[in-house]
Amino acid sequence: MANMGLQLIGFFLGLLGWFGTVITTIIPHWRRKAHVGANIITAIEVMEGLWMQCIWQSTGIYQCQVHRSQLALSDTLRAMRAMMVISCLLSALGAGVSVVGMKCTVCLGDSSAKGHMAVLGGICFILGGISCLIPVSWSTSDLVREFYNPIFLSGSKYEMGEALYIGFVSTALTLVGGFLLCLSCPRRPRPLRPPHLQPPHLQPPHLPRFQAAPQCRTPTAYKGNHPPSRTSASHSGYRLQDYV
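Let us look at the structure shown here.

If a probe the size of a water molecule is rolled over the atoms, the empty space left behind becomes visible. Counted as a void, the largest pocket has a volume near 270 Å³. In terms of lining, the largest pocket is formed by 14 residues, of which the most central are Arg31, Glu48, Leu77, Met80 and Ser139. Listed by contribution, the elements that provide at least two residues to the lining of the largest pocket are helix H2 (75-101) and helix H3 (113-147). Broken down by element, the lining of the largest pocket gets its largest block of residues, four residues, from H3.

Right, dumping it as structure tokens:
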């Protein structure tokens with residue numbers, strides 16, 4: 001029952017992390033224009049993501065434009081795209097494999113491979129969380145470095161968007177879910193050791209030892225294998241005539 005509870009908690013945490021990773025990948029709120037300086041009232045809000053750039057105007061108009069030219073993108077942005085897509089695929093694979101290996105499902109029956117499938121799903125969740133953590137941390141590091149760089153003007157600085165916060169939370173959920181699934185791995189039974197090799201508190205109680213019964217000796221036969229004579233019987237105090 002304890003392993004089943006760990007599997008359920010780990011699966012739902014990994015599933016929530018997967019949903020968050022997909023949202024982080026799609027929404028265009030990775031970075032937004034920072035409002036610094038004396039002019040804090042702006043009529044335009046600029047936001048950028050992995051796939052598009054959006055502009056929100058004070059009049060309520062919201063416009064987005066997809067990055068059309070793939071060759072014009074920076075190597076950093078293309079690497080982030082690839083890693084986020086890989087993270088989504090790994091988390092989806094982990095969710096599917098975990099369903100097969102969980103004890104509360106009927107897949108694979110009572111096969112010994114069922115527990116190993118759950119562990120494999122946890123490993124996929126962990127790899128997916130790491131793949132999501134790298135681009136999110138990378139983008140955050142670039143934003144912080146550019147924000148405090150005096151070379152960049154105040155109007156061209158960006159700060160962290162909502163997608164990065166969602167990405168960090170999704171990474172934590174995915175990693176924790178994967179570790180819980182790995183902890184539910186069935187343990188191998190220990191081989192039984194001989195009684196004399198077991199610890200003292202596990203050895204069977206000593207039974208009292210009984211002495212072996214003496215061996216029975218067969219009566220020795222008389223020499224010549226003939227009955228005793230009358231002379232020998234009379235010398236021993238017995239007369240044959242008294243019994244005849």
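To continue, consider the packing of H2 against H3. H3 packs onto H2 with a crossing angle of 160 degrees between their chain directions and a minimal axis gap of 7 Å. Of the possible angle classes, the one that applies to H2 and H3 is roughly antiparallel. H2 and H3 meet at a crossing whose hand is left-handed. Here the residues of the contact of H2 with H3 sort into 20 nonpolar, twelve polar and two charged.

Its 22 residues place the ends of helix H4 (residues 162-183) 32 Å apart at the C-alpha level, agreeing with the 32 Å of an ideal helix rising 1.5 Å per residue. Taken as a whole, H4 has its buried residues at Ala163, Leu164, Gly167, Ser170, Thr171, Thr174, Gly177, Gly178, Leu180 and Leu181.

Attention now moves to the environment of Cys88. Relative to the helices and strands, Cys88 resides in helix H2. Here the alpha-carbon distance between Cys88 and Gly20, two residues 68 residues apart in the chain, equals 9.5 Å. Contact partners of Cys88, with chain neighbours within four places excluded, come to Trp18, Thr21, Val22 and Thr25.

In contact at an axis separation of 8 Å, H3 and H4 are set at 155 degrees when each is read in the N-to-C sense. Judged by the angle between their axes, H3 and H4 are roughly antiparallel. Where H3 crosses over H4, the two elements pack in a sense that is left-handed. Taken together, the residues that form the contact of H3 with H4 break down as 16 nonpolar, ten polar and no charged.

Let us look at the state of the cysteines. Tallying each qualifying case throughout the model produces one disulfide. Put simply, Cys54 and Cys64 are joined by a disulfide, and their sulfur atoms are 2.0 Å apart. With the S-S bond torsion at 110 degrees, the cross-link from Cys54 to Cys64 turns out right-handed. You can see Cys54 sitting in strand E3 (residues 52-57) and its partner Cys64 sitting in strand E4 (residues 62-66), a full ten residues away along the chain. Under the relative-accessibility criterion, Cys64 is labelled partly exposed at 41%. With no disulfide of its own, Cys124 lies closest to Cys182 among cysteine sulfurs, the gap being 9.4 Å. On the basis of relative accessible area, Cys124 is assigned to the buried category, the value being 8%. Cys182 sits in the partly exposed class, given a relative accessible area of 23%.

Reading guide: rules and limits
- Along each chain, the written sequence defines residue order, and numbers are assigned to residues from 1.
- With the structure being a predicted model, the display of local features is reserved for residues of pLDDT at least 70 and the display and counting of side-chain atom pairs for 80 or more, all residues being used for whole-chain, interface and lining totals.
- Only hydrogens and water are set aside when side-chain values are computed; all heavy atoms of the structure are taken into account.
- Whether a set of points on the 1 Å grid over the protein atoms alone is a cavity depends on a 1.4 Å probe fitting there but being unable to get out, while an open set qualifies as a pocket with protein on both sides within 12 Å along at least five of seven lines; lining residues are those with an atom within 4 Å of a point.
- Grid points are joined across faces, edges and corners, and a volume is the space filled by probe spheres set on the points.
- By definition, any uninterrupted DSSP run of H or I lasting at least four residues is a helix, any uninterrupted run of E lasting at least two residues is a strand, and each is numbered from the N terminus.
- A fitted line through C-alpha atoms represents every axis, and for helices the fit uses only the stretch in contact; the resulting angles, taken between N-to-C directions, go from 0 to 180 degrees.
- Any angle between 65 and 115 degrees counts as roughly perpendicular, while under 35 counts as roughly parallel, over 145 as roughly antiparallel, and the rest as oblique.
- For a crossing to be left-handed, the near helix must be turned anticlockwise from the far one by less than a right angle; the clockwise case is right-handed.
- Here the nonpolar group is Ala, Val, Leu, Ile, Met, Phe, Trp, Tyr, Cys and Pro; Asp, Glu, Lys and Arg are the charged ones; every other residue, Gly included, is treated as polar.
- How far a helix is expected to stretch is found by multiplying one less than its residue total by 1.5 Å.
- Think of it in three bands: with a 1.4 Å probe and only protein chains considered, a residue is buried below 20% of the maximum accessible area for its type, exposed above 50%, and partly exposed in between.
- Only heavy atoms matter for contacts: two residues are in contact if any of them lie within 4.5 Å across the pair.
- The term disulfide is used for any two cysteine sulfur atoms that are within 2.5 Å.

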